[in-house]
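Structural characterization, general
One letter stands for each residue in the lines below.
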Amino acid sequence: MSPADDGRSIGQLVASATTELSALVHEEIALAKAELRQDVKRGAIGSGAAIAAGILVLFSLPVFSFAAAYGIHNLGLGLAWSFTIVGSAYLLVALVLLLLAKAKLTKVKPPKRSIASAKQSAAVLSGVKPHPRTVPAARTEPKAVGAEPMAVEHVTRSSA
């Protein structure tokens, strides 16, 4: 089918193709953003839980360990056993938080639909070949009397 068949010029067809390609790229980007937004949210929750576990272990362990150990020791248990029980309880809480973080972080997956759509678009666009352009042959003109000839390329612009 030639451009004359539907009444559109080559310029209009190129403009239409450019508009459609631009819309396709914008839709691909929007799809990728939507998929990544959900995974970023899951990653943030998992990372927050891991950070909370680290802060809990780092800052509260010494203070509460001494208080709890001496409290257990006052109940009649030896001081060493009291500290062991308190330390084990904190490690158990940290382990639960780390398991929560791991569960959230393993749910983060690559944006499969965006990748598949981009591959499909690339496959379609890879079959498109541009029109070959002819470059005018270079001609030589002397620069000055007795000088070496120099290649001069003349390029003309068309008003399309």
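Figured I'd write up the structure that's included with this text. (Residues numbered from 1 in each chain as written. Predicted model: local features only at pLDDT ≥ 70, side-chain atom pairs only at ≥ 80, totals over all residues. Heavy atoms only, no water.)

Some thoughts on the overall build of the chain
- Within the chain one finds four helices and two strands.
- Taken across its 160 residues, the chain has 11% of its residues classed as buried.
- In the chain, the share of contacts with a sequence separation of at least 24, taken over all contacts with a separation of at least 6, comes to 54%.
- Accessible surface, the chain as shown: approximately 12800 Å² in total, 68% of it carbon and sulfur. (Helix = DSSP H or I, 4+ residues; strand = E, 2+ residues; numbered from the N terminus. Buried < 20%, exposed > 50% of the residue type's maximum accessible area, 1.4 Å probe, protein only. Contact = heavy atoms within 4.5 Å. Areas by Shrake-Rupley, 256 points an atom, 1.4 Å probe, with all protein chains shown as cover.)

Side note on helix H3 (residues 79-106)
- Here H3 is 28 residues long and its end C-alpha atoms lie 41 Å apart, about the 40 Å a rise of 1.5 Å per residue gives.
- Within H3, the full set of buried residues consists of Ser82, Val86, Tyr90, Ala94 and Ala101.
- Those residues of H3 that are buried lie in contact with helix H2 (10-74). (Expected span 1.5 Å × (residues − 1).)

Structural notes on the packing of aromatic side chains
- Across all of its chains, the model carries two aromatic pairs by this definition.
- Between Phe66 and Phe83, the ring centres sit 5.4 Å apart and the planes meet at 85°, which makes this aromatic pair edge-to-face. Separated by 17 residues along the polypeptide, Phe66 in helix H2 and Phe83 in helix H3 bring together distant segments of the chain.
- Summarising the aromatic geometry, the rings of Tyr70 and Phe83 are spaced 5.9 Å apart at their centres and angled 80° between planes, so their arrangement reads as edge-to-face. With Tyr70 in helix H2 and Phe83 in helix H3, this residue pair connects regions lying 13 residues apart in the sequence.
- On the basis of relative accessibility, which here comes to 41%, the residue Tyr70 falls in the partly exposed class.
- Through successive ring pairs, a cluster of aromatic residues spans Phe66, Tyr70 and Phe83. (Phe/Tyr/Trp six-rings, centres within 6.5 Å; stacked < 30°, edge-to-face > 60°.)

What about H2?
- In a regular helix each residue adds 1.5 Å, so 65 residues correspond to 96 Å; H2 covers 93 Å between its end C-alpha atoms and thus fits that length.
- Leu61 marks the point of greatest bend in H2, at about 55°, and the proline Pro62 comes within the next four residues.
- Among all positions of H2, only Glu28, Glu35, Asp39, Gly43, Gly46, Ala49, Ala53, Ser60, Ser65 and Ala69 are buried.
- At its buried positions, H2 is contacted by H3 and helix H4 (112-126).
- One or two residues past the end of H2 sits Gly76, with phi positive at roughly 115°. (Bend = angle between axes of the 7 residues up to and from the residue.)

Re the side chain of Ser65
- Checked against the element boundaries, Ser65 lands in helix H2.
- Residues contacting Ser65, with those up to four places away along its chain left out, are Ser60, Phe83, Val86 and Tyr90.

Comments concerning the packing of H2 against H4
- Put simply, H2 and H4 touch, their axes get as near as 8 Å, and they point 160° apart. For the element pair H2 / H4, the angle class is roughly antiparallel. Crossing of H2 against H4: the hand is left-handed. Residue-level inspection shows Leu21, Leu24, Glu28, Leu31, Ala32 and Glu35 of H2 in contact with H4, the latter providing Lys112, Arg113, Ser114, Ser117, Ala118, Ser121 and Leu125.
- The residue inventory of the contact of H2 with H4, partitioned by class, reads six nonpolar, three polar and four charged. (Axes fitted to C-alpha atoms, helices over the stretch in contact; angles between N-to-C directions. Parallel < 35°, antiparallel > 145°, perpendicular 65-115°, else oblique. Left-handed = near helix turned anticlockwise from the far one by under 90°. Nonpolar A, V, L, I, M, F, W, Y, C, P; charged D, E, K, R; others polar.)

Details of the pattern of salt bridges
- Applying the stated criterion across every chain, the model contains two salt bridges.
- Put simply, Arg113 and Glu35 hold a salt bridge, and the shortest N to O gap is 2.9 Å. Placement of Arg113 in helix H4 and of Glu35 in helix H2 is noted, with a sequence separation of 78 residues between them.
- Here Asp39 ties to Arg42 by a salt bridge, and the two come within 3.4 Å at their closest N and O atoms. (Salt bridge = Lys/Arg side-chain N within 4 Å of Asp/Glu carboxyl O.)

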